Amino acid sequence: MRASGNADLRAFIAVAEQGSFSKAAEQLGLSPSSLSQIIRTLEERLGVRLLHRTTRSVSLTDAGERLLLRVRPALEELDAALDDVGQLRARPAGVVRVRCLRAAFSAYVGPNLAAFREAYPDVTLDILVDDAVVDLVASGFDVGFTLGEVIEKDMVALRLGGDIRQIAVASPAYIAHHGRPETPKDLLSHACIRWRWPGRTTPYNWEFFADGAWFEVDVKGPLVLSEQSMTIDAAVNGIGIAFWMEQELRPLIAKGLLVPLLEEWSAPFPGFYLCYPQQRQMAPALRAFIDFIKSKAVEPR
């Protein structure tokens, strides 16, 4: 939808951008003579010359440059506003491509899929769930769920919940046989179950916090896995110590299958965000999905 008024200003913008009456006339579906008359009438109404005309070229006068600078963004904003309102008439439909960290899917997407389907039956969600860090736009995704520490530049980022933290855990049987680490450095003498972040060549170093700063421990152990949930299963089975998000571990801790370790060194950090590229106009299906997730998300603490 576009505003039907301001035809003379739109004609002026077309000539200024094309630098040619003939090209602008073709763009607007007018004859060059009709377009020339529209511009002359606009100049007469304003009382200033907007364009320098020669047989070979068209250029802006100082007044024309000032008018273009002010009018073009104003008309673009007006068009966008009318489009936005017009989209309310349409039922959201189409495909929304989503990239989502596994833990974010469990917390914010998976539990809400049925309700979203009921609210927007004509929207198809194409969701890739993995833990790789990628360029959202270059990979062809409309929206992503990621951690605050890896948000890409020039993204709109909406916080979905409170801070999270990672903790070390082991089974009661492992602790009974090998003892408890008392400091993060003690982990170097324990069997640690490591995880390789997708797209990385080396296992993830465990991160702890002390004296106002974060530090890493390059743990060692008998097992390196590419799937984080498998490291937790291995810890439950007594193979060694695992390290993962506390919210994912609490049910197993409550059942007595795992014991938390080194909690005093495990500080919270910004949790999950919904991210999407900045854009003047957004497809109704994408807007519906973003607004729906926002309405279901837990407010930050």
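What counts, and at which threshold
- Residues numbered from 1 in each chain as written.
- Predicted model: local features only at pLDDT ≥ 70, side-chain atom pairs only at ≥ 80, totals over all residues.
- Heavy atoms only, no water.
- UniProt positions renumbered as here; feature names shortened; annotations may be inferred.
- Helix = DSSP H or I, 4+ residues; strand = E, 2+ residues; numbered from the N terminus.
- Pairing = 2+ DSSP bridges.
- Axes fitted to C-alpha atoms, helices over the stretch in contact; angles between N-to-C directions.
- Buried < 20%, exposed > 50% of the residue type's maximum accessible area, 1.4 Å probe, protein only.

Before going further, it helps to examine the UniProt feature "domain: HTH lysR-type" (unreviewed entry) in the chain. Residues given the UniProt feature "domain: HTH lysR-type" (unreviewed entry) here are residues 8-61. The span residues 8-61 carries 63% helix and 11% strand; its end-to-end C-alpha distance comes to 17 Å.

In this section: the sheet that holds strand 14 (residues 272-277). Across the sheet, 5 strands lie side by side as 4-3-5-14-6; this open sheet has mixed pairing. Two strands close off the open sheet at either side, each with one partner strand: strand 4 (123-129) and strand 6 (155-159). When strand polarity is set aside, the average angle formed by the axes of neighbouring strands in this sheet is 25°. With 5 bridges joining them, strand 6 and strand 14 adopt antiparallel strand pairing. Looking at strand 14, one finds that M155 is bridged to P277.

So, on to unusual backbone geometry. Even without being a glycine, D211 presents a positive backbone phi close to 55°. By secondary structure assignment, the location of D211 is in the loop between strand 9 (206-210) and strand 10 (213-217). Residue D211 is classed as exposed on the basis of its relative accessible area of 82%. The phi dihedral of L262 falls on the positive side, at around 55°, and the residue is not glycine. Structurally, L262 can be placed in the loop between strand 13 (259-261) and strand 14.

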